[in-house]
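Listed here are the chains, written in short residue letters.
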Amino acid sequence: MRAALILATLTLTAHAQWTIQQSPTTANLRGIDALGNGLAWASGAEGTILLTEDNGAHWRRCTTPPNAATLDFRGIQAFDNKTAIIMSSGTGDQSRLYKTTDGCNTWKLLFTNPDKGGFWDAIRILDSDRYEIAGDSVDHKLVGDKTGHVVAVWEFSEGDDPAGSPSSHFFELAALPNEGGFAASNSTLVIGDRPHRDPVWSFQWLATQTPEHSYVHREASEETKTCEPCRQGFLRAETPMSQGTDSAGIFSLGFRDDRFGVAVGGDYTKPQSEAKTAVYSKDSGESWQPAQTPPHGYRSAVAYDAKTKTWITVGPNGTDISTDDGRNWHPLKPSPTDQPDADQHWNALSLPFAVGPKGRIGLLNPAAPK
């Protein structure tokens, strides 16, 4: 599985929607991480990494990491304007982690996928030196010197052997045949909003699928008198997103307040199809329902805007918003001041930015999703 109208009134508003920014690259962009105060990092194909410190008025192309000019950097997570982690996606050792601590002038290789048939889909920062990576299922040596078919979920700590983390850092999450995720927007792995001290999350969720089924796995931590805290283990919840093909399923996942979840996707080979493009959860991901009014096409990324209490989702053919936690979606169309296709051609979101093919970068107007 390697792919890789503003609702409030019926009157036309004059607010600009996505302001298309000047980009220093024509590479396909799939990674974006906005930290606030005008700071954001982006990444993509051909070893591309970008940095802005002025809310996108200027984007700087970073130094390409060593031996990475052909890598596809689909995931990026940053701490500040100096320190960031990038993840490439590809078969076997084409999936790698690099880190910079000097504002992307130099990079250090941290970790290379040790599974020859593996493929990394998403990365999330746990704390200053621990990262969680999710990938397609692999046959892996497990605790007890056994081998099993498992979903690839790594917890990598700096200081581990860059050529391969020990098995103790690999979660034994049983996999179904051909189970994997999509690396479309680095958003199939989600860490909860209210973390405990250790582990550093209260919930985490991971979206996977086979051609016949679509799942969200949930792992919870809890504090009791005998467990301060401990992990409950991954629980598998089936969702109504599968379409019976390996090009369809969940491409992006988000949660609000650790309770309300939204997943978007569809079939990326049929970008105009509205069939099974969104589901929602009201119980922290234990169960999922189809959207009553779905987005109007395949969607590769979703994010929640807490300021406007609005969910935003993007894809090749447009942008949609939901103000009722994913039950109903409505197209966010360009205003007269926008470019005619300002709502389209997007891969990934980290508000207020969206990125897409051919170096496309957009900045969301704060008034747009109201």
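As shown above, the structure is provided for reference.
Attention here is on the structure that accompanies the text. Note that the structure is a prediction, hence the values are computed from the model and not measured. (Residues numbered from 1 in each chain as written. Predicted model: local features only at pLDDT ≥ 70, side-chain atom pairs only at ≥ 80, totals over all residues. Heavy atoms only, no water.)

1. Details of the state of the cysteines
For the record, the criterion: By convention in this document, the label disulfide applies to cysteine sulfur atom pairs within 2.5 Å. A run of H or I in DSSP counts as a helix once it spans at least four residues, and a run of E counts as a strand once it spans at least two, with each numbered from the N terminus. Accessibility here uses a 1.4 Å probe with only protein chains present; expressed as a share of the type maximum, an area under 20% marks a residue as buried, one over 50% as exposed, and anything in between as partly exposed.
Scanning the model with the defined rule gives 1 disulfide in all. Here Cys 62 is linked by a disulfide to Cys 104, with a sulfur-sulfur distance of 2.2 Å. What sets the handedness of the Cys 62 and Cys 104 disulfide is the S-S torsion sign, and at about -75 degrees it is left-handed. Placement of the pair is Cys 62 in the loop between strand E5 (60-61) and strand E6 (73-78) and Cys 104 in the loop between strand E8 (96-100) and strand E9 (108-112), with a sequence separation of 42 residues. Each member of the pair, Cys 62 together with Cys 104, is buried.

2. Some points on the environment of Asp 121
In plain terms, the rule: Throughout, a contact is declared for two residues whenever any of their heavy atoms are within 4.5 Å. Whenever two N or O atoms come within 3.5 Å, that pair is a polar contact, provided that in protein one can donate a hydrogen and the other can accept it, and provided that, for residues adjacent in sequence, both atoms are side-chain atoms.
Secondary-structure assignment places Asp 121 in strand E10 (residues 120-127). Given the relative accessible area of 3%, Asp 121 is considered buried. Separated by 13 residues in sequence, Asp 121 and Ala 134 have C-alpha atoms that sit 5.7 Å apart. When neighbours within four sequence positions are excluded, Asp 121 is seen to be in contact with Met 87, Ala 134, Gly 135, Asp 136, Gly 181, Phe 182, Ala 183, Asn 186 and Thr 188. At 3.4 Å, the side chain of Asp 121 and the backbone nitrogen of Gly 181 are in polar contact.

3. Quick notes on the pattern of salt bridges
Definition in use: Salt bridge, as used here: a side-chain nitrogen of Lys or Arg that lies within 4 Å of a carboxyl oxygen of Asp or Glu.
Scanning the entire structure with this criterion turns up 10 salt bridges. The shortest N-O distance in the salt bridge between Glu 158 and Lys 99 comes to 2.6 Å. Remark: Lys 99 occurs in strand E8 and Glu 158 occurs in the loop between strand E12 (146-157) and strand E13 (173-174); sequence separation between them is 59 residues. Close ionic contact of Arg 218 with Glu 286 constitutes a salt bridge, the shortest N to O distance being 3.6 Å.

4. Section: the sheet that holds E10
How we decide: Any two strands are treated as partners once DSSP identifies two or more bridges connecting them.
Strands sit in the order E10-E11-E12-E13 across an open sheet of 4 strands; the sheet is antiparallel. Strands at the two margins of the open sheet, each flanked by one partner only, are E10 and E13. Examined bridge by bridge, E12 and E13 share 2 bridges and lie antiparallel to one another. Residue pairing across strands places Val 150 opposite Ala 174, the latter belonging to E13.

5. What to know about the nonpolar core
How we decide: Each nonpolar core is a collection of buried residues, namely Ala, Val, Leu, Ile, Met, Phe, Trp, Tyr and Cys, held together in the definition by side-chain atoms within 4.5 Å.
By size, the foremost hydrophobic cluster in this structure holds 16 residues, and its most contacted members are Leu 97, Phe 111, Tyr 131 and Ile 133. Secondary-structure elements contributing two or more residues to this core are strand E7 (84-88), E9, E10, strand E11 (130-142) and E12. Look past the residues within four positions of Leu 97 in its chain and what remains in contact with it is Ile 85, Ile 86, Met 87, Lys 108, Leu 109, Leu 110, Phe 111, Trp 120, Ile 123, Tyr 131, Ile 133 and Phe 156. With 15 residues, the next largest nonpolar core counts Ile 49, Cys 62, Leu 71 and Phe 73 among its residues.

Coordinates in, geometry out; function isn't part of it.
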